[in-house]
Amino acid sequence: MKSLVIAEKPSVGRDIARVLGCSSGGNGFLEGRDYVVTWALGHLVELSDPESYGEQWKTWKMETLPMLPEKLEIQVIPKTRKQYQTVKSQMCRKDVNTIIIATDAGREGELVARWIIQKSGVRKPLKRLWISSVTDRAIRQGFDHLKDAKEYEKLYEAAVARAEADWLVGLNATRALTVKHNAQLACGRVQTPTLAIIAQREAQIRSFEPKTYYHLIFRADGIFWNWKSKENSACTFSEKTIRQIQEKVTNSTGTITEIRKKLHKTYAPQLYDLTSLQQHANQLFGFSAKQTLDYMQRLYERHKAVTYPRTDSRYLTEDIVETLPDRIRACRVGSYSRICSQLLKAPVKGNRSFVDDKKVSDHHAIIPTEQGIRLSDLEYGERRIYELVISRFLAVLLPPCEYEQTEILVSCKGELFTAKGTSIRKPGWQEIRQIQKESGVLSDEPAPEDAYDDSNDLNTGANSPVQENLPEFVKGQDILFTEGNIRTGQTKPPLPFTEATLLAAMENPASYMDSQDQSLKKTLGETGGLGTVATRADIIEKLFGSFMIEKRDKYIHLTSKGRQILELAPAGLTSPELTAQWEQQLADISKGRARKKDFEARIRNYTVEIVQDIAASSKTYRHDNLTRKKCPSCGKLMLEVNHKNGRMLVCQDRACGYRKTLARITNARCPQCHKKMELSGEGENQRFTCVCGYREKLSAFEKRKKESGGGVSKKDMSKYMHKIKKEADAPLNHAFADAFAKLNL
């Protein structure tokens, strides 16, 4: 008899098959002496469409809402039906007596496999493969320690509860809004609160009133001396005060009253989880959250170079420590080979700063695998992400950076001035940052962990520049202040969100809650914020795809549609607290502390409430991006929308679905201001334009670049235009595309 292994994706399935010696087989499976390996394509089964429950929900009408089937059914996804039949046929084989679930080790991975098994009706003993990487070694170890699938029954229940709750709330709210306002509107328990966070940030920016501040710096004895107030601040909002101090101190002699020297240690930033990696990659390279996740998936599945990417932990478990030397050897590539050799000269140990079983839930932090790789085999984005993972992994294994900080205090005419300096004693993990600077990955910006702190306080003394290696001074020494310089600045509002800072806000949204209930904020922190580490990138992409947000330069802004959704959606759906409560309850279900049926009853009651709220609302929706251009397919007026990388015309009738690209931001740089230019037009009339006013035909651009020996080749431009067409044909609202396609406005 044989065991059937069900993987989540073909690439993982083939890796498992190779390790298990399964080399023969047919389309969609591989077979060996003891195992048959098959795979899903992500989800093969989903919750059934509302239309499948009867005639009453085949048309979108307010009087048929809310949709509350007595029991939610599942259906095979039409596009992947062929692979579902392949998996089912393998499960039904008489020579297969055990099914091994080998989908991704997490809540959604559990759902992928269990729904396939449930839909097929097969009843055979189940085992669970639970691994965090897909290297040969990890696969072998996982099969040596297979778990009983019963241990994950509660996790499956939580996954079903999440899916059913999103179906009930999301589809009912979307239908109600769409029918009520005769427009393509959608809302949900995660994406709508995300819009609310962006709206709150925009309101903070609009209401912000800048204030001018002043600080005074003297240069004496070759270094800078910074004035400090009695409150220990380097700044003041009073111009009169700072000028009086400048006048009083100029050409006066001060005395060194104190010299403070202190040894400090700084430790490496924590290992990456997915969200922190997405934030850092966006900050350094401009990668979107989705791009970073895609690169990580390829590094995990195709190259076997990193561990499971969809993790929310930044710690390792004790059993990983013994594998660290092999992982270091695998990292001996490029600029990091010297550091790796240095680490391997002594026994490699873990410590509590990055090894803690109690702080790891389903998966440990992202680290390299033991399987080496040639950097030349990686695409640009894959290499950048892989090097980030390597750098963070090696950094935590290096000793802390040790440095001496010196602060010299001078009293002059009753005023206090200070000079600060540092000198490195042992670079420790900062060697990694030096390698990154030399390779151009980092500039002299703050450490990554500080990059997402967009607080706007006037720092007490933090504005004083820190100087390298101050000269030697002695207490009581005189300092002559001959000329001072007053520097001014203005307090700044918080910046609009980038994808990096939006991810951070979604992960820690407590500060965006209206409620001051500390228990709710605690719950929100414990549940990991809005969405999950695995879904946040898709949520942001859906908001772009449904034209609720747009990008200007690197910053994210609400569109008119996004702002109106917040006005029209029920208040509960715009709050992060709802998601926090849901995730906490789902966690309780997965751990056996709560019952799925109780959660479902609350969700059904809530669904009734939100439909009633929308139906009773007197608010209206207005298209303010309606053009006079008619859709060539249905004749209705079209909407002009800004998507993530340009502009397009979209038919207002979602059932029609026609769209046309108007312009797209390219990588071609303006010869005047060097900003990225926009490409618009068709055929011979294609033209580059820049915000500075520069215009140039595509043909002239190609000729100019050819003559200069650079630029874009015809092959590259052909690929680029194919990409535009492909994106133009993609669905607008990924989550609700099929549902909207059946709506006849």
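Heads up: these notes are all about the structure in this document. Not measured: the values here are computed from a predicted model. (Residues numbered from 1 in each chain as written. Predicted model: local features only at pLDDT ≥ 70, side-chain atom pairs only at ≥ 80, totals over all residues. Heavy atoms only, no water.)

Looking only at helices and strands, one finds 22 helices and 25 strands in the protein. Going through the 745 residues of the protein one by one, you find that 53% of them count as buried. Of the contacts made within the protein by residues no fewer than 6 positions apart, 73% connect residues no fewer than 24 positions apart. Element-wise, carbon and sulfur atoms account for 47% of the exposed surface of the protein, whose accessible area totals about 35600 Å². (Helix = DSSP H or I, 4+ residues; strand = E, 2+ residues; numbered from the N terminus. Buried < 20%, exposed > 50% of the residue type's maximum accessible area, 1.4 Å probe, protein only. Contact = heavy atoms within 4.5 Å. Areas by Shrake-Rupley, 256 points an atom, 1.4 Å probe, with all protein chains shown as cover.)

Applying the stated criterion across every chain yields a total of 46 salt bridges. Between Glu-415 and Lys-248 there is a salt bridge whose closest N-O contact spans 2.9 Å. Taken as a pair, Glu-415 in strand 13 (residues 415-426) and Lys-248 in helix 7 (residues 239-249) lie far apart in primary sequence, 167 residues in all. Owing to a relative accessible area of 35%, Lys-248 belongs among the partly exposed residues under this scheme. The network of salt bridges with common partners includes Arg-137, Asp-326, Arg-327, Arg-329 and Glu-370. (Salt bridge = Lys/Arg side-chain N within 4 Å of Asp/Glu carboxyl O.)

What follows is about helix 13 (residues 430-438). All of the buried residues along helix 13 are Glu-431, Ile-432, Arg-433, Ile-435 and Gln-436. Contacts from the buried residues of helix 13 go to helix 11 (337-343) and helix 12 (380-397). Once helix 13 ends, the next one or two residues include Gly-440, with phi positive near 85 degrees.

Quick look at the sheet that holds strand 2 (residues 29-31) now. As summarised here, the arrangement of the six strands in space is 2-3-1-6-7-8, forming an open sheet in which the pairing is mixed. The open sheet has two edge strands, strand 2 and strand 8 (147-148), and neither has a second partner. Against the sheet, helix 1 (residues 10-20) touches strand 1 (2-7), strand 2, strand 3 (35-39) and strand 6 (96-102), its axis set at about 170 degrees to strand 3. Packed onto the sheet, helix 3 (residues 107-120) meets strand 1, strand 6 and strand 7 (126-128) and runs at close to 155 degrees relative to strand 6. (Pairing = 2+ DSSP bridges. Axes fitted to C-alpha atoms, helices over the stretch in contact; angles between N-to-C directions.)

What follows concerns the packing of aromatic side chains. Under the counting rule described, the total for this entry stands at 16 aromatic pairs. Where Tyr-53 meets Trp-167, the ring centres are 6.1 Å apart and the plane angle is 70 degrees; that geometry is what we call edge-to-face. Taken as a pair, Tyr-53 in the loop between strand 4 (45-47) and strand 5 (74-76) and Trp-167 in helix 5 (residues 153-181) lie far apart in primary sequence, 114 residues in all. What links up through ring pairs into an aromatic cluster is the set Phe-218, Trp-225, Phe-417, Phe-473 and Phe-481. Geometry around Tyr-272 places Arg-392 over its ring, the cationic atom sitting 4.1 Å from the centre. (Phe/Tyr/Trp six-rings, centres within 6.5 Å; stacked < 30°, edge-to-face > 60°. Lys NZ or Arg CZ within 6 Å of the ring centre and 35° of its normal.)

The subject of this paragraph is the side chain of Gln-83. Within the secondary structure layout, Gln-83 lies in helix 2 (residues 81-91). The class of Gln-83 is buried, set by a relative accessible area of 11%. Within the structure, the side chain of Gln-83 is placed 3.3 Å from the backbone oxygen of Gly-28, a separation counted as a polar contact. When residues no more than four places from it in sequence are discounted, the contact partners of Gln-83 are Gly-28, Thr-38, Trp-39, Leu-41 and Leu-44. (Polar contact = N/O pair within 3.5 Å; in protein donor to acceptor, adjacent residues only side chain to side chain.)

The next thing to look at is the nonpolar core. For soluble globular proteins, nonpolar side chains are generally found buried alongside one another. Counting 83 residues, the largest nonpolar core has Met-91, Trp-115, Ile-116, Leu-195, Ile-549, Leu-573 and Phe-599 as its most contacted members. When residues of this core are assigned to their parent elements, the largest contribution, 14 residues, is made by helix 5. If sequence neighbours within four positions are ignored, Leu-573 has contacts with Val-169, Ala-173, Cys-187, Gly-188, Arg-189, Thr-192, Pro-193, Leu-578, Tyr-606 and Ile-610. Ala-365, Leu-388, Leu-398 and Val-441 belong to the second largest nonpolar core, which has 68 residues in total. (Core = buried A, V, L, I, M, F, W, Y, C linked by side-chain atoms within 4.5 Å.)

Secondary-structure assignment places Thr-418 in strand 13. Once you skip the residues sitting within four places of it in the chain, Thr-418 turns out to touch Phe-224, Trp-225, Asn-226, Lys-228, Glu-407, Ile-408 and Leu-409.

Of all 10 residues in helix 16 (residues 536-545), seven are buried; the element is thus mostly enclosed. Considering only its buried residues, helix 16 is in contact with helix 6 (191-207), helix 8 (274-285), helix 9 (289-301), helix 14 (499-507), strand 17 (549-552) and strand 18 (555-558). Phe-547 occupies a position one or two residues after helix 16 and carries a positive phi of about 60 degrees.

The side chains of a regular strand alternate between both faces of the sheet. Where strand 17 lies against strand 18, four bridges are found, and the strand directions are antiparallel. From the neighbouring strand, Glu-550 faces strand 18, where its bridge partner is His-557. Connecting the antiparallel pair strand 17 and strand 18 is a turn made up of two residues, with Asp-553 showing a positive phi of about 55 degrees.

Before going further, it helps to examine the pairing of strand 23 (residues 676-680). When you tally the buried positions in strand 23, you get four out of five residues, the bulk of the element. Two strands pair when backbone bridges link them, and strand 22 (residues 659-669) and strand 23 are joined in this way by four bridges, in the antiparallel orientation. Looking across to strand 23, one finds that Ile-665 is bridged to Glu-678. Between strand 22 and strand 23, which follow one another and run antiparallel, lie six residues, and His-674 among them has a positive phi close to 70 degrees. Examined bridge by bridge, strand 23 and strand 24 (residues 687-689) share three bridges and lie antiparallel to one another. For Leu-679, the partnering residue across the bridge sits in strand 24 and is Phe-688. Between the end of strand 23 and the start of strand 24, which pair antiparallel, lie six residues, with Gly-681 showing a positive phi angle near 90 degrees.

The next thing to look at is the environment of Lys-94. Structurally, the position occupied by Lys-94 is in the loop between helix 2 and strand 6. When its relative accessible area of 83% is taken as the criterion, Lys-94 is described as exposed. Residues Lys-94 and Lys-2, spaced 92 residues apart in sequence, show a C-alpha to C-alpha distance of 9.3 Å.

With that settled, consider unusual backbone geometry. Omega for the peptide link from Leu-65 to Pro-66 comes to 0 degrees, which places this bond in the cis form. Backbone geometry at Lys-413 places phi at a positive 55 degrees, although glycine is not the residue there. Take Lys-413: it is sitting in the loop between strand 12 (401-412) and strand 13. Non-glycine residue Asp-553 carries a positive phi angle of around 55 degrees. Locating Asp-553 in the fold gives a position in the loop between strand 17 and strand 18. Given a relative accessible area of 76%, Asp-553 falls into the exposed group.

Time to look at the environment of Ile-139. Looking at where Ile-139 falls in the secondary structure, it is placed in helix 4 (residues 136-144). Measuring from C-alpha to C-alpha, the distance between Ile-139 and Ala-102 comes to 9.9 Å, with 37 residues separating the pair along the chain.

It is worth spelling out the packing of helix 14 against helix 16 at this point. Close contact between helix 14 and helix 16 brings their axes to 11 Å; oriented N to C, the two are set at 120 degrees. As the angle between them shows, helix 14 and helix 16 are arranged oblique. Considering only the axes of helix 14 and helix 16, their crossing is right-handed. Contacts between helix 14 and helix 16 involve Glu-499, Leu-502, Leu-503, Met-506 and Glu-507 on the former and, on the latter, Arg-536, Ile-539, Ile-540 and Phe-544. Of the residues that constitute the contact of helix 14 with helix 16, the class distribution is six nonpolar, no polar and three charged. (Parallel < 35°, antiparallel > 145°, perpendicular 65-115°, else oblique. Left-handed = near helix turned anticlockwise from the far one by under 90°. Nonpolar A, V, L, I, M, F, W, Y, C, P; charged D, E, K, R; others polar.)

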